[in-house]
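Topology and contacts: notes
Each chain, written out:
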Amino acid sequence: MKLQRKNGLRATALGALAVSGALVLTACGSDNNSGGTGNDTKTNAASNIKCDGAKGQLLASGSSAQKNAMDVWVKNYLAACKETQVNYKASSSGEGIVAFNQGRVGFAGSDSALKPEEVEASKKICKSGQGINLPMVGGPIAIGYNLGPDVKDLVLDAPTIAKIFNDKIKSWDDPAIAKLNPNAKLPKKAIQAFHRSGESGTTQNFGKYLGKTAKTEWPYEAEKKWPAPGGQSAGGSSDLAAQVKQVDGAIGYFELSYATSQSIPTVAINTGASAPVAANSENASKAIAAAKIKGTGKDLALDLDYATKAEGAYPLLLVTYEIVCDTGNKAETLGAVKSFLGYTASDEGQKALAAIGYAPIPAEINAKVRETVNGLN
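Residues numbered from 1 in each chain as written. Predicted model: local features only at pLDDT ≥ 70, side-chain atom pairs only at ≥ 80, totals over all residues. Heavy atoms only, no water.

A word on the overall build of the chain
If you tally the helices and strands in the chain, you get twelve helices and twelve strands. Counting the 377 residues in the chain, one finds 56% classified as buried. Accessible surface, the chain as shown: approximately 14600 Å² in total, 49% of it carbon and sulfur. (Helix = DSSP H or I, 4+ residues; strand = E, 2+ residues; numbered from the N terminus. Buried < 20%, exposed > 50% of the residue type's maximum accessible area, 1.4 Å probe, protein only. Areas by Shrake-Rupley, 256 points an atom, 1.4 Å probe, with all protein chains shown as cover.)

Structure representation (structure tokens):
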């Protein structure tokens, strides 16, 4: 369901388990990675990746927001653990959860935690357990725009963002936008607002942010399906970013790495702090640091403060979860799942993401992720 000036990322330590017989992670739009043969029972000499005898295929799908992270993780993991095949199908959070609860994948990536009814459905697959949420990576949801080289450093606030995506502000020279950008040469040009077409955790987090900060202008429940009238739609985050890149006057929301990779300018948000806050990893980390665990037991779902006004804290963000079974896993795939997710949650796994715009999960929360992954059975 349904922000760049700096690309630095302070990487700290930033989950999943098999419920089907032959696990696989499938990657949409990236190489079909597969490992050869080799000794994968020991720590690789060139890294700290522990293969621990992992073998076979690993299958998962879901959030497109974490695709770029998965691409890096899979490449590094396969270089060390050559007897495992890993692919990740980047579709949407909604599709990933459906696939998980139908037993078609070993784990799902989602930008939103499981709903109670989704947890209940997971018990049919997890047998002796249930689906849980493991926060694996965080990051800002960038609002990218295309106004040519004359409009740089665009600033918006939550009510204005809500009106743009709710089809209430239709032109880039609208007084509300001009008031926030007094020195900008705003064109008299129609706004082309783009949103996700399918069920998306990114959309849901976008809706949570607007619901907390602009309730009057955004009177919708935060759901994975786009709720507002008007606008145009595109598939995953990569498709949405491509449309913004190509369409004059466009604006859309997607994970920061998609803006970075395509050199799409992004909005700085006026949160009420002393200065507008840019979409970058450091600023997102400041906001994520205030997150609290709201899940119970082994579930580590987080409560994010979308309405923060802390200096330098970027409030429009998401945390991507790996949806796994806590217990009831197949013995033949459990080792591979624990090995791969143990790497993604490690210091090394998180530091590998430093160049692509993600923000780390706070160390104290990530320690609980590692403990949970180690205890999967």
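Side note on helix α6 (residues 201–213)
Within an α-helix, residues lying three or four positions from one another point in the same direction, as the helix has 3.6 residues per turn. Taking 1.5 Å per residue, 13 residues should reach 18 Å; α6 reaches 18 Å between its end C-alpha atoms and fits that length. Put simply, serine 200 is the residue that caps the front of α6, since its side-chain oxygen is 3.1 Å from the backbone nitrogen of threonine 202. (Expected span 1.5 Å × (residues − 1). Polar contact = N/O pair within 3.5 Å; in protein donor to acceptor, adjacent residues only side chain to side chain.)

Looking at the pattern of salt bridges
Under the definition given, this model contains nine salt bridges. Close ionic contact of glutamate 83 with lysine 55 constitutes a salt bridge, the shortest N to O distance being 3.9 Å. Taken together, the positions of glutamate 83 in the loop between α1 (67–80) and β2 (84–90) and lysine 55 in the segment before β1 (56–62) put the pair 28 residues apart, joining distant regions of the chain. Judged by relative accessible area, which is 26%, glutamate 83 ranks as partly exposed. A salt bridge links aspartate 173 to lysine 188; its shortest N-O distance comes to 3.9 Å. Within this pair, whereas aspartate 173 is found in the loop between α4 (158–165) and α5 (175–180), its partner lysine 188 is found in the loop between α5 and β6 (192–196), the two being separated by 15 residues in sequence. Aspartate 173 gets classed as partly exposed once you look at its relative accessible area, which sits at 30%. (Salt bridge = Lys/Arg side-chain N within 4 Å of Asp/Glu carboxyl O.)

Some remarks on the sheet that holds β2
Strands sit in the order β2-β1-β3-β12-β4-β8-β6-β7 across an open sheet of eight strands; the sheet is mixed. At either margin of the open sheet sits one strand with a lone partner, and together these are β2 and β7 (232–234). Taking each pair of neighbouring strands and ignoring which way they run, the sheet shows an average axis angle of 25°. Note that strand β4 (residues 131–145) and strand β12 (residues 317–325) share nine bridges and pair antiparallel. The partner of glycine 138 across the bridge, within β12, is valine 319. Against the sheet, α6 engages β4, β6, β8 (250–255) and β12, with an angle of about 70° to β4. Across the sheet, helix α9 (residues 281–288) is in contact with β4 and β12; its angle to β4 comes to roughly 135°. (Pairing = 2+ DSSP bridges. Axes fitted to C-alpha atoms, helices over the stretch in contact; angles between N-to-C directions. Contact = heavy atoms within 4.5 Å.)

A few points about the packing of aromatic side chains
Summed over the entire model, instances satisfying the criterion amount to ten aromatic pairs. Ring geometry for phenylalanine 206 against tryptophan 226: centres 6.3 Å apart, planes inclined by 15°, an arrangement best described as stacked. In this pair, phenylalanine 206 sits in helix α6 while tryptophan 226 sits in the loop between α6 and β7, placing the two residues 20 residues apart along the sequence. You'll find phenylalanine 206 and tryptophan 226 in the same group, each marked buried. Here the aromatic cluster, defined as three or more aromatic residues joined through ring pairs, consists of Phe165, Phe206, Trp218, Tyr220, Trp226 and Tyr253. (Phe/Tyr/Trp six-rings, centres within 6.5 Å; stacked < 30°, edge-to-face > 60°.)

Quick word on the nonpolar core
What tends to happen in soluble globular proteins is that the nonpolar side chains get buried as a cluster. By size, the foremost hydrophobic cluster in this structure holds 73 residues, and its most contacted members are Leu154, Ile161, Phe165, Ile177, Phe206 and Ile251. Ranked by residue count, the leading element in this core is β12, at six residues. Among the nonpolar cores identified, the runner-up in size contains 35 residues, and Ala60, Ala80, Tyr343 and Leu353 belong to it. (Core = buried A, V, L, I, M, F, W, Y, C linked by side-chain atoms within 4.5 Å.)

Concerning the state of the cysteines
All chains considered together, the criterion is met by two disulfides. Disulfide partner of cysteine 51: cysteine 81, at an S-S distance of 2.0 Å. Between cysteine 51 and cysteine 81, the S-S torsion sits near -90°, and that sign places the bridge as left-handed. Taken together, the positions of cysteine 51 in the segment before β1 and cysteine 81 in the loop between α1 and β2 put the pair 30 residues apart, joining distant regions of the chain. Judged by its relative accessible area of 0%, cysteine 51 is buried. (Disulfide = S-S within 2.5 Å.)

A short note on α1
With 14 residues, α1 extends 20 Å between its outermost C-alpha atoms, agreeing within 8% with the 20 Å of an ideal straight helix rising 1.5 Å per residue. For α1, every residue scored as buried is listed here: Lys67, Asn68, Ala69, Met70, Trp73, Val74, Tyr77, Leu78 and Ala80.

A short note on the packing of α4 against α6
Where α4 meets α6, the axes come as close as 9 Å, and the angle between the chain directions of the two elements is 125°. By the angle between their axes, α4 is oblique relative to α6. Crossing angle aside, the handedness with which α4 passes α6 is left-handed. Of the residues in α6, those touching α4 at Ala158, Ile161, Ala162 and Phe165 are Phe206, Tyr209, Leu210 and Thr213. Grouping the amino acids of the contact of α4 with α6 by side-chain chemistry returns seven nonpolar, one polar and no charged. (Parallel < 35°, antiparallel > 145°, perpendicular 65-115°, else oblique. Left-handed = near helix turned anticlockwise from the far one by under 90°. Nonpolar A, V, L, I, M, F, W, Y, C, P; charged D, E, K, R; others polar.)

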